[in-house]
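Inside the fold
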Amino acid sequence: GQQVMQIPQYQHVQEGEDFTTYCNSSTTLSNIQWYKQRPGGHPVFLIQLVKSGEVKKQKRLTFQFGEAKKNSSLHITATQTTDVGTYFCAGTGFNKFYFGSGTKLNVKP
Amino acid sequence: DAGVTQSPTHLIKTRGQQVTLRCSPKSGHDTVSWYQQALGQGPQFIFQYYEEEERQRGNFPDRFSGHQFPNYSSELNVNALLLGDSALYLCASSSGGASDSYNEQFFGPGTRLTVL
């Protein structure tokens, strides 16, 4: 079965509020990637984290990879309506590539 | 520079039939991965092709098979279709890397398969 779990499943926020999605793996991951999928679209690559404890920022987005390389998070500061979509983490482990179940973000203007 | 392309965009089949989906990778990419995405779910990894060989495989039965051609394009074949095979099938391309490391993947628009 799938090894990568993601919470929450859904998140509704008011525009300007912050948002965080968490990704947890039962096993150590070699790396983790984050993708965004807009409604009706396909996943679009956001970032890849490789090192233990790594933190990367892209404008209002902050990505973290846990020290044990088993968890990761994506934090969006001051959400905008353009942030609407489903955010997936995807990790590599044991020569397999697993996507999380995704967190669907809805931003109310 | 064309991105990842997939054909057809939509397909309707009946149970027991066979289907072939096609993918052309982004220019400069040599690795193609296939995913199945059911409605409201995350993509499920089917397999990955590199140098015309299946390099990695997810938990999918042998009814799912594939092929990669010398020009790096790829096909996904599904035999003996079941109702549960109805999904969006995504192709993603990337550059070849170490067996346990995946580079940035570029996804195609997908093929929506409906099995009746």
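The sections below set out a description of the structure shown in this document. (Residues numbered from 1 in each chain as written. Chains lettered and ligands numbered in written order. Predicted model: local features only at pLDDT ≥ 70, side-chain atom pairs only at ≥ 80, totals over all residues. Heavy atoms only, no water.)

Our next topic: the overall build of chain A. Helix and strand content of chain A: zero helices and eleven strands. If you list the helices and strands of chain A from N to C, you get β-β-β-β-β-β-β-β-β-β-β. For 109 residues, the compact-globule formula gives about 13 Å, and the C-alpha radius of gyration of chain A, at 13 Å, lands near that figure. The C-alpha extent of chain A, read off along each of the three principal axes, is 40 × 25 × 20 Å. (Helix = DSSP H or I, 4+ residues; strand = E, 2+ residues; numbered from the N terminus. Rg over C-alpha atoms; globule rule 2.2 N^0.38 Å.)

It is worth spelling out the sheet that holds strand β8 (residues 74–78) of chain B at this point. All names here are of chain B. Strand order across the open sheet formed by four strands is β1-β3-β8-β7, with antiparallel pairing between neighbours. Either end of the sheet is taken by a strand with one partner, and the two such strands are β1 (5–7) and β7 (64–68). Across the sheet, the mean angle separating the axes of adjacent strands is 20 degrees when strand polarity is ignored. Relative to strand β3 (residues 19–24), β1 is paired through three bridges, and the arrangement is antiparallel. Across the sheet, the residue bridging to Ser-7 is Arg-22, located in β3. (Pairing = 2+ DSSP bridges. Axes fitted to C-alpha atoms, helices over the stretch in contact; angles between N-to-C directions.)

What the rule picks out here adds up to five salt bridges over all chains. The partner of Arg60(A) in a salt bridge is Asp83(A), and the shortest N-O contact between them spans 2.9 Å. Of this pair, Arg60(A) sits in the loop between β6 (55–58) and β7 (61–65) while Asp83(A) sits in the loop between β8 (71–76) and β9 (85–93); the two residues are 23 residues apart in sequence, bridging distant segments of the chain. Overall, Arg60(A) belongs to the partly exposed group, its relative accessible area being 23%. For Asp83(A), a relative accessible area of 5% puts it in the buried group. Between Arg57(B) and Glu54(B) there is a salt bridge; the shortest N-O distance is 3.0 Å. (Salt bridge = Lys/Arg side-chain N within 4 Å of Asp/Glu carboxyl O. Buried < 20%, exposed > 50% of the residue type's maximum accessible area, 1.4 Å probe, protein only.)

A separate point is the state of the cysteines. All names here are of chain B. Enumeration over the complete set of coordinates arrives at two disulfides over all chains. The disulfide bridge from Cys-23 ends at Cys-91, spanning 1.7 Å between sulfur atoms. Here Cys-23 and Cys-91 share a disulfide; its torsion about the S-S bond, -50 degrees, makes the bridge left-handed. Remark: Cys-91 occurs in strand β9 (residues 87–94) and Cys-23 occurs in strand β3; sequence separation between them is 68 residues. Judged by its relative accessible area of 0%, Cys-91 falls in the buried class. (Disulfide = S-S within 2.5 Å.)

To continue, consider the packing of aromatic side chains. Per the stated rule, a full pass over the model turns up eleven aromatic pairs over all chains. Between Tyr35(A) and Phe99(A), the ring centres sit 5.3 Å apart and the planes meet at 40 degrees, which makes this aromatic pair tilted. Remark: Phe99(A) occurs in strand β10 (residues 96–99) and Tyr35(A) occurs in strand β4 (residues 31–37); sequence separation between them is 64 residues. Note on Phe99(A) and Tyr35(B): the rings are 5.4 Å apart at their centroids and 85 degrees apart in plane angle, and the pair reads as edge-to-face. Here the residue Phe99(A) occupies a position in strand β10, and Tyr35(B) occupies one in strand β4 (residues 31–37), the pair thus bridging two chains. Overall, the relative accessible area of 1% leaves Phe99(A) in the buried class. Taken together through their ring pairs, the aromatic side chains of Tyr35(A), Phe45(A), Phe88(A), Phe99(A), Tyr35(B), Phe45(B) and Phe107(B) make up a single cluster. For the cation-ring pair, Lys26(B) lies above Phe106(B), with the distance from its terminal atom to the ring centre recorded as 5.1 Å. Seen from the ring of Tyr50(B), Arg55(B) lies directly overhead, with NZ or CZ sitting 4.7 Å from the centre. (Phe/Tyr/Trp six-rings, centres within 6.5 Å; stacked < 30°, edge-to-face > 60°. Lys NZ or Arg CZ within 6 Å of the ring centre and 35° of its normal.)

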